[in-house]
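The residues making up each chain are set out below.
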Amino acid sequence: MDARCMKCKAQKPMAGAEMTKTARGGFMAKGKCKDCGCGMCKIMSEADAEKAMKSGEAKKAF
Ligand SMILES: [Zn+2]
């Protein structure tokens, strides 16, 4: 999945994405920018989060 990298200032593919849950019950993918290795995260809807976990794009980490 793509997320915004603060360092590259662009949408970049996320490497090693892990799906976590926020305190408010939302979903958040955490990973690293494939290009610069900078940490990045992306707020996900429940539907998108489940899709990403099913397809293997993101590992379940909660
Ligand atoms: Zn980057």
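Above: the structure in question.
Peer 1: Looking at this structure, I do not really get the pairing of strand S1 (residues 2–5). What am I missing?
Peer 2: The two faces of a sheet get side chains in turn, since along a regular strand they alternate between them. Two strands pair when backbone bridges link them, and S1 and strand S2 (residues 10–21) are joined in this way by four bridges, in the antiparallel orientation. Each residue of the ladder has a partner; that of Cys-5, found in S2, is Ala-10. In this antiparallel pair of consecutive strands, S1 and S2, the connection spans four residues, and Lys-9 shows a positive phi of 55°.

Peer 1: Before we go on, may I ask you to explain unusual backbone geometry in this structure?
Peer 2: Not every positive phi belongs to a glycine, and Lys-9 is a case in point at roughly 55°. Looking at the element boundaries, Lys-9 is found in the loop between S1 and S2.

Peer 1: Could you clarify how one ought to interpret the pattern of salt bridges in this entry?
Peer 2: Where charged atoms of side chains with opposite charge meet at close range, the side chains can pair. Counting across every chain of the model gives two salt bridges. Lys-12 is paired through a salt bridge with Asp-35; the nearest N and O atoms lie 2.7 Å apart. Of this pair, Lys-12 sits in strand S2 while Asp-35 sits in the loop between strand S3 (27–33) and strand S4 (39–44), and the two are 23 residues apart along the sequence. Among the residues examined, Asp-35 registers a relative accessible area of 53% and is labelled exposed.

Peer 1: Looking at this model, I keep getting lost on the nonpolar core. Mind explaining?
Peer 2: The biggest cluster of nonpolar side chains holds 15 residues, and the ones touching the most others in it are Met-1, Met-14, Met-19 and Met-44. If you list the elements that add at least two residues to this core, you get S1, S2, S3, S4 and helix H1 (46–55). If near-sequence neighbours (up to four positions away) are discounted, Met-14 is found in contact with Met-1, Ala-3, Ala-29, Lys-30, Gly-31, Lys-32, Met-40, Cys-41 and Lys-42.

Calculation rules
- Residues numbered from 1 in each chain as written.
- Predicted model: local features only at pLDDT ≥ 70, side-chain atom pairs only at ≥ 80, totals over all residues.
- Heavy atoms only, no water.
- Pairing = 2+ DSSP bridges.
- Helix = DSSP H or I, 4+ residues; strand = E, 2+ residues; numbered from the N terminus.
- Salt bridge = Lys/Arg side-chain N within 4 Å of Asp/Glu carboxyl O.
- Buried < 20%, exposed > 50% of the residue type's maximum accessible area, 1.4 Å probe, protein only.
- Core = buried A, V, L, I, M, F, W, Y, C linked by side-chain atoms within 4.5 Å.
- Contact = heavy atoms within 4.5 Å.

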